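# Analysis of the macromolecular model
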Amino acid sequence: MTFQVTILGCSSARPTPSRHHTAHVLNVHEQFFLIDCGEGTQYQMARYGINPLKINAIFITHLHGDHVYGIFGLLSTMAMMGRQRALTIVAPRPFALMLEGHFSFFGIELPYPLEIREIDARLSAEVWSNRTMTVTSVPLRHRVPCCGYLFREREPGLNVYRHLVEGYGLDPLQVAALKRGEDAVLANGMPLTAAEATYRPYEARSYAFCSDTTASGKVASIVRGVDLLYHEATYLHADRALAEKTGHSTALQAARLAKKAGVHHLLLGHYSARYKELEPLLTEAQGEFPDTVLGRDGLVLTLEKDHSLKIGSI
Ligand SMILES: [Zn+2]
Ligand SMILES: [Zn+2]
């Protein structure tokens, strides 16, 4: 039951040789979700072994080029790879208008159904769900309508204690009833309640993706207690005037928000190309919130069932 984030790009508006534009891939139980799609995202997917045909849905935070220019090539590549399965894109208005203009100009007709779900970036609401996960929008403060996304795994189903199955000789129907939360009746007529016979194998995990934003206290209440918070950290705090002017955050502001929201781990990204070395951003954030990870292209973060964070790279 995987819950894993792969970073495809950690740069802000201007990329560098080692930092591509923003895109993350979230793997929840082998269902793959692309979050933002900056220029070059499909190259990064090829580089890190992520098959575009496996993408279930795409979530776009806002219509700035460093978060969306990659969508045009990726959608065409999916067509060339023979995609037939429907694809959903969740994005703030007016994403559909932009995409229709592109399709119209180039005469593109995709061979697979495309559902565009436009949302109001000012609202926090459930914007997507299936049996495995729910996704809630997180209003952000930027120069254009912008929202983050909170991905929550659904509670896993109940398991029945093995020693009770064997000890009482429970049959498959009794086990199924207990897993549904219903009480069972034993062969001797005594009841066996679901409360005493079952347990939840692990607690649901969560990932919040907070894209371009001025540091906003309102965000803290929505992402409160999440396991992993990605928050942009475009600037060092010494450059906070620039952050304020451009609708971005500093590493220190990201860390303060993580602390205020009581999250378990903070992941930084969206760095300005002005910084050749990124460690000062990490040092700044860790001074306020020690459990901070410096996001980089190719980094893979796995949330284990015990909610610990395992960090690797491709
Ligand atoms: Zn950006
Ligand atoms: Zn932006």
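The structure reproduced in this document is the subject of the present report.

### Let's talk about the overall build of the protein chain
- What the protein chain contains, in helices and strands, is 11 helices and 19 strands.
- Here the protein chain has a C-alpha radius of gyration of 22 Å; the compact-globule value for 314 residues is 20 Å, and the two agree.
- In terms of overall dimensions, the protein chain has C-alpha extents of about 75 × 50 × 35 Å along its principal axes.
- Per-residue burial over the protein chain gives 54% buried out of 314 residues.
- A separation of at least 24 residues holds for 63% of the contacts in the protein chain among residues at least 6 apart in sequence.
- When the accessible area of the protein chain is evaluated, it comes to approximately 14,300 Å², of which 53% is carbon and sulfur surface.

### Looking at the coordination of the zinc ion (ligand 2)
- Around the zinc ion (ligand 2), the protein contributes the donor atoms H62 (NE2), H64 (ND1), H142 (NE2) and D212 (OD), which lie 2.2 to 2.3 Å from the metal centre.
- One way to put it: the 4 donor atoms around the zinc ion (ligand 2) meet at angles of 91 to 166°, and that makes the site irregular.
- A spacing of 3.5 Å is found between the zinc ion (ligand 2) and the zinc ion (ligand 1), which share D212 as a donor. Highlighted residues: H62 in the loop between β4 (55-59) and α2 (65-68) and H142 in the loop between β8 (133-139) and β9 (147-153), separated in sequence by 80 residues.
- In this structure H62 comes out as buried when scored by relative accessible area, which is 0%.

### Things to note about the pairing of strand β5 (residues 87-92)
- The buried fraction of β5 is high, at 6 of 6 residues.
- Burial along β5 is two-sided: the face carrying L87, I89 and A91 and the face carrying T88, V90 and P92 are both buried.
- Two elements, β4 and β5, share 3 bridges in a ladder whose sense is parallel. Across the sheet, I58 pairs through a bridge with I89, a residue of β5.
- Relative to strand β6 (residues 114-119), β5 runs parallel, the two sharing 6 bridges. What sits directly across from V90, in β6, is R117.
- Since β5 and β6 lie parallel, the crossover through helix α4 (residues 95-106) that links them has a hand, and here it is right-handed.

### Overview of the coordination of the zinc ion (ligand 1)
- Distances from the zinc ion (ligand 1) to its protein donors, namely D66 (OD), H67 (NE2), D212 (OD) and H270 (NE2), fall within the range 2.1 to 2.2 Å.
- Every donor counted, the 4 donor atoms about the zinc ion (ligand 1) form angles of 90 to 162° at the centre, which fits irregular coordination.
- Counting residues between consecutive donors of the zinc ion (ligand 1) along the chain gives the motif D-H-x144-D-x57-H.

### A few points about the pattern of salt bridges
- Across all of its chains, the model carries 9 salt bridges by this definition.
- With its nearest N and O atoms 3.2 Å apart, the salt bridge here joins R117 to E115.
- According to the relative accessible area criterion, R117 is partly exposed, its value standing at 28%.
- By relative accessible area, E115 is classed as partly exposed at 35%.
- The partner of R122 in a salt bridge is D120, and the shortest N-O contact between them spans 2.9 Å.

### Quick word on the sheet that holds β8
- Taken in spatial order, the 7 strands line up as β7-β8-β9-β14-β15-β16-β17 in an open sheet, and their pairing is mixed. Only two strands of the sheet have a single neighbouring strand rather than two, namely β7 (126-129) and β17 (292-294). Direction aside, the axes of adjacent strands within the sheet are offset by 20° on average.
- In this sheet, strand β15 (residues 228-232) lies alongside strand β14 (residues 206-210) in parallel orientation, the contact comprising 4 bridges. Across the sheet, Y207 pairs through a bridge with L228, a residue of β15.
- The sheet strands contacting helix α10 (residues 251-261) are β15 and β16 (265-269), and the helix crosses β15 at an angle near 150°.

Each value, and the rule that gives it
Each chain has its residues counted from 1, following the order in which its sequence is written. To label them, take the chains in the order written and letter them from A, then take the ligands in the order written and number them from 1. With the structure being a predicted model, the display of local features is reserved for residues of pLDDT at least 70 and the display and counting of side-chain atom pairs for 80 or more, all residues being used for whole-chain, interface and lining totals. In computing side-chain values, all of the structure's heavy atoms are included and hydrogens and water are not. We count a stretch as a helix when DSSP gives it H or I for four or more residues in a row; a strand needs E for two or more, and each element gets its number in order from the N terminus. In this description the radius of gyration comes from C-alpha coordinates, and the expected globular size is given by 2.2 Å times residues to the power 0.38. Summary of the burial criterion: residues with accessible area below 20% of their type's maximum are buried, those above 50% are exposed, and those between are partly exposed, where the area comes from a 1.4 Å probe applied to protein chains only. Residue contacts are defined here by distance: any two heavy atoms, one from each residue, within 4.5 Å place the two residues in contact. Accessible surface is estimated by sampling points in the Shrake-Rupley manner with a 1.4 Å probe; for residues, cover comes only from the protein chains shown. In this analysis a donor is any N, O or S atom within 2.8 Å of a metal ion (3.2 Å for sodium, potassium and calcium), and since water is not included, sites may seem incomplete. The geometry test gives tetrahedral to four donors whose angles all lie between 85 and 135 degrees, gives square planar to four donors and octahedral to six donors whose opposite members are over 155 degrees apart with all other angles between 65 and 115, and gives irregular to the rest. Any two strands between which DSSP finds at least two bridges are classified as paired. By convention a crossover is right-handed if, when the strands point away from the viewer, the path from the first strand over the helix to the second runs clockwise. Any carboxyl oxygen of Asp or Glu that lies within 4 Å of a side-chain nitrogen of Lys or Arg is treated as forming a salt bridge with it. An axis is simply a line fitted to the C-alpha atoms; with a helix, the fit covers only the stretch in contact. Between two such axes, the angle follows the N-to-C directions and lies from 0 to 180 degrees.

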